[in-house]
Amino acid sequence: MTPTFSQSGLRWLLLSLLVIVLDRVTKAAILDHFELLEVARITAFFNLTLTYNRGAAFSFLSAGSGWQVWIFGAIAVVISVALIIWLRGIFYRQRWLCAAISLVIGGALGNLFDRISYGYVVDFLQFHWGRLYYPVFNCADACICVGAFMLVLDSLSNKRKRQVIK
């Protein structure tokens, strides 16, 4: 049975909106208070530092001439539309799955806003251990990663359930 609109996971798009708002607010604050590559040491393992990522995750293809902005933007749109369609087809009470999908949508659209507005994604969260630095990222990236991890866990959980049923 396909859920009606009010029963569908589309209700969870409010979480996506919350992610987008959090992402916009944090990026605006960083842009207002930091110069490019400025570093503020917060703890022994965490800095705030403003960087611009013209590529994808971990600055993949960031040296391109600009075409990559549109490719990654198009990918974000296609994935978001596919996830919204998926969300529409599941019941809102499947909280874990709905939350996971909504986090990915919110993160993808948050970074899409940057790509369209600036031609790059604003990153500012930097974790490190001694001289080992994790690539700089933002709130949208974190939500995408958490949502994707939740989707993997959900998939593994459902696989085990299917194996028990057989």
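Heads up: the structure comes first, above all this text.
Residues numbered from 1 in each chain as written. Predicted model: local features only at pLDDT ≥ 70, side-chain atom pairs only at ≥ 80, totals over all residues. Heavy atoms only, no water.

### Looking at the nonpolar core
Quick note on the threshold: What we call a nonpolar core is a set of buried Ala, Val, Leu, Ile, Met, Phe, Trp, Tyr and Cys residues that are connected through their side-chain atoms within 4.5 Å. Each residue is assigned to one of three classes by its accessible area relative to the maximum for its type, calculated with a 1.4 Å probe on protein chains only: buried under 20%, partly exposed between the two thresholds, exposed over 50%. Numbered from the N terminus, helices here are DSSP runs of H or I no shorter than four residues, and strands are runs of E no shorter than two. Here a residue-residue contact requires only that any non-hydrogen atoms of the pair lie within 4.5 Å.
Formed by I30, F34, F46, L48, L50, Y120, V122, F124, L125, F137 and C139, the largest nonpolar core amounts to eleven residues. Mapped onto this core, the elements with two or more residues apiece are β2 (46-53) and β3 (121-129). Once residues lying within four places of it in the same chain are set aside, the contact partners of F137 are D123, F124, L125, F127 and A142. Core analysis: the next-biggest nonpolar cluster, separate from the first, contains nine residues, L10, L83, L87 and I101 among them.

### Some thoughts on the pattern of salt bridges
For clarity, the cut-off: Criterion for a salt bridge: a side-chain nitrogen of Lys or Arg within 4 Å of a carboxyl oxygen of Asp or Glu.
Inspection of the entire model under this criterion finds three salt bridges. Here D23 ties to K27 by a salt bridge, and the two come within 2.8 Å at their closest N and O atoms. Of the two residues, D23 and K27 both sit in helix α1 (residues 13-33), four residues apart, roughly one turn of that helix. Owing to a relative accessible area of 0%, D23 belongs among the buried residues under this scheme. The exposure class of K27 is buried, given its relative accessible area of 0%. It is possible to trace a salt-bridge network through shared partners that takes in D23, R24, K27 and D114.

### As for the environment of C143
With respect to the helices and strands, the residue C143 is situated in helix α4 (residues 139-165). C143 has contacts with V19, L103 and V104, leaving out every residue within four places of it along the chain.

### Examining the environment of E35
Mapped onto the fold, E35 is located in the loop between α1 and β1 (39-41). Separated by 16 residues in the primary sequence, E35 and T51 place their C-alpha atoms 8.9 Å from one another.

### Looking at the sheet that holds β3
Keep this limit in mind: One requirement defines pairing of two strands: DSSP has to find at least two bridges between them. Lines fitted to C-alpha atoms define the axes, with helix axes restricted to the stretch in contact, and inter-axis angles between N-to-C directions lie between 0 and 180 degrees.
If you trace the four strands from one edge of the open sheet to the other, you get β1-β2-β3-β4, paired in antiparallel fashion. The two strands at the open ends of the sheet, each matched to only one other strand, are β1 and β4 (132-133). Contacts between α1 and the sheet are confined to β2 and β3, with β3 contributing the most and set at about 85 degrees to the helix. The sheet strands contacting helix α3 (residues 95-118) are β2 and β3, and the helix crosses β3 at an angle near 125 degrees.

Purely geometric stuff here, so don't read any function into it on its own.
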